[in-house]
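# Fold and contact review
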Amino acid sequence: MIEDKNQQRTDLNTLGEFGLIEHLTKNFEIKHKSTIKSIGDDASVLDFGKKQVVITTDFLVEGVHFDLSYMPLKHLGYKSVVVNLSDVFAMNASATQITVSIAVSNRFPLEALEELYAGIETAAKLYNIDVVGGDTTSSLSGLTISITALGEVEKDDVVYRTGAKPNDLLIVTGDVGAAYLGLQVLEREKEVFKVNPQSQPDLDAYTYIIERQLKPEARQDVIKLLSDLDVKPTSMIDVSDGLSSEILHLCKHSNVGCDLYEDKIPLDPQVISTAEEFNMDSTTIALNGGEDYELLMTISQEDFPKIKGNPNFTVIGYMTEPERGKHLVTRGETKVELQAQGWKNFQGDN
């Protein structure tokens, strides 16, 4: 957190808009035959043949979605890609390309943007996607990142939020709640630093949950795994706004109810211990925390033997007839109406 006063700083005005784009994207490689024309024209040209095209866009705004006092720019670049790819995978699709647009104030030198784009480049390599375009503009208030992700999927393989049926099993990948608690730890250490700038936080006990906040991963592996297991979910969504919110989305779009079992929700031991430290309820965190970027899906009971015992999947409940409502079944076997209290944009708006 101590600034190096001798850092090299290159004024962005020395490059200009197109020079800046060329500089930041010069190392991106093209890996897909479907990328006909990449960066350097008015638009990219993609050829998907007979496959379905999947497109999704997300904004990340400084002071709303991230805090640069503890979010390294390289991690921010990486995360900004991952959060978009997660939406592609939630369609049971393969990610292929992204475009990157940023609005940046003059407090950021070239070297800062190089760090941001280094994270984007790392994500592009690891997820095997092409960066094919975007835009840059000035900002009067910090940094804003907008990424559009594209993907492809066979027509018969695409999965929507609308296909869940009563008696389908409700399944989540990985574990939930860690990203939110990682954020709480970082916010706490930020406040300590404000009081004592010489303090050095000891974060060894929180490694997993902090990584889940600063450098999440999208579940690309699950899409391949589902294909290998010959399982097509009846509905699917990624867990970005909290488990309860995503379950209610599936229920609404599929016109079903659900029973979610509290004792089945997968929690990492670090989540349980840190929740106790913060005097928080781990179930509440899992339901409402958000930013886990796991996949929530429903599958037919006939497919249960195919995923049974697989550590990537946890059955956390089942879907019901809509008139039976949407409930959390507590450890005490009491049914409580399931409510969404997770992340909401424009919280000040009516």
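From a predicted model like this one, the values you see are computed outputs, not experimental measurements. Per chain, residue numbering runs from 1 following the sequence as it is written. In keeping with the predicted nature of the model, local features appear solely for residues at pLDDT of at least 70, side-chain atom pairs appear and are counted solely at 80 or more, and the whole-chain, interface and lining totals rest on all residues. Derived side-chain values reflect all non-hydrogen atoms in the structure, with water molecules and hydrogen atoms excluded from consideration.

### A word on the side chain of T99
Segments assigned H or I by DSSP are reported as helices when at least four residues long, segments assigned E as strands when at least two residues long, and all are numbered from the N terminus. With respect to the helices and strands, the residue T99 is situated in strand β4 (residues 94-104). For every residue, the accessible area obtained with a 1.4 Å probe (protein chains only) is divided by the maximum for its type, and the residue is called buried under 20%, exposed over 50%, and partly exposed between those limits. With a relative accessible area of 16%, T99 lands in the buried category. For T99, the residues in contact, after removing those within four places along its chain, are V132, G133, G134, S146, I147 and T148. We call two residues contacting when some pair of their heavy atoms lies within 4.5 Å.

### Points about helix α5 (residues 207-214)
All of the buried residues in α5 are I209, I210, R212, Q213 and L214. Buried positions along α5 lie against α2 (73-89), α4 (178-195) and α8 (269-277).

### A short note on the sheet that holds strand β13 (residues 335-337)
One open sheet accounts for seven strands, arranged β8-β10-β7-β11-β9-β12-β13; its pairing is mixed. This sheet does not close on itself; its edge strands, each paired only once, are β8 (235-238) and β13. Across the sheet, the mean angle from the axis of one strand to that of its neighbour is 25 degrees, orientation sign disregarded. One requirement defines pairing of two strands: DSSP has to find at least two bridges between them. Note: strand β7 (residues 169-173) against strand β11 (residues 313-320), five bridges, orientation antiparallel. Counterpart to L169 in the pairing with β11 is Y318. Every axis corresponds to a line fitted to the C-alpha atoms, with the helix fit spanning only the stretch in contact, and the corresponding angles, defined between N-to-C directions, vary from 0 to 180 degrees. Along the sheet face, helix α6 (residues 220-228) touches β7, β8, β10 (295-299) and β11 and points at about 20 degrees away from the line of β10. In the packing of helix α7 (residues 243-254) onto the sheet, the strands contacted are β7, β8, β9 (257-261), β10, β11 and β12 (326-329), and the crossing angle to β8 comes to about 145 degrees.

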